[in-house]
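As a plain string of letters, each chain reads:
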Amino acid sequence: MFWELAQKANNLAVIIEYGWEKIPGETQELLKVFAYAFIEPPQGIKERLLKFVGIFYLAIALPWILLKGEFDSYVAYKNALDRIVNAILSEVEREDMAYQKALSEALEETFTEWETSSAMTAEEACERIRAISNQALE
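Residues numbered from 1 in each chain as written. Predicted model: local features only at pLDDT ≥ 70, side-chain atom pairs only at ≥ 80, totals over all residues. Heavy atoms only, no water.

Draft legend 1. Summary view of the pattern of salt bridges. This model, assessed by the stated rule, comprises 5 salt bridges. Lys32 serves as the salt-bridge partner of Glu29, at 3.2 Å between the closest nitrogen and oxygen. You can see Glu29 and its partner Lys32 sitting in helix α2 (residues 25-39), 3 residues apart, about one turn around the helix. Residue Lys32 is classed as buried on the basis of its relative accessible area of 14%. Connected via shared salt-bridge partners are Glu29, Lys32 and Glu95. (Salt bridge = Lys/Arg side-chain N within 4 Å of Asp/Glu carboxyl O. Helix = DSSP H or I, 4+ residues; strand = E, 2+ residues; numbered from the N terminus. Buried < 20%, exposed > 50% of the residue type's maximum accessible area, 1.4 Å probe, protein only.)

Have a look at this one:
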């Protein structure tokens, strides 16, 4: 079951990655809503209900997944969902001119200060990229 879902989710990710501009605007908006809800669930009573359903589902599904040897297929499905969300967010970033401008300015600043700056750790680089992204979205 999860293998089929993973395959379908990966197919959707490919469509988003290589054909975003061919997807109708209304569908793009729905995909954006899905991606944002996936990374940051809505707050309030709906969030609590979704969290409860998620916990209930895991309580029933997790033993079944483990007993049936479906763990690998579940991981493939989860990775495919992550791929869909990443593809959608990449397209959102690509369309956002303020984000593109902030990213270009940050890259230009980085190359300008190349010789005088110290090496960054991977964590520092991720934090810097996150800060740039947050600044552009504000």
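Draft legend 2. Summary view of the packing of aromatic side chains. A full pass over the atoms with the stated rule returns 1 aromatic pair. Centroid distance Phe34 to Phe38: 5.8 Å. Interplanar angle 35°. Geometry classified as tilted. Pair noted here: Phe34 and Phe38 are both in helix α2, with a separation of 4 residues, about one helical turn. Classification of Phe38 by relative accessible area gives partly exposed; the value is 32%. (Phe/Tyr/Trp six-rings, centres within 6.5 Å; stacked < 30°, edge-to-face > 60°.)

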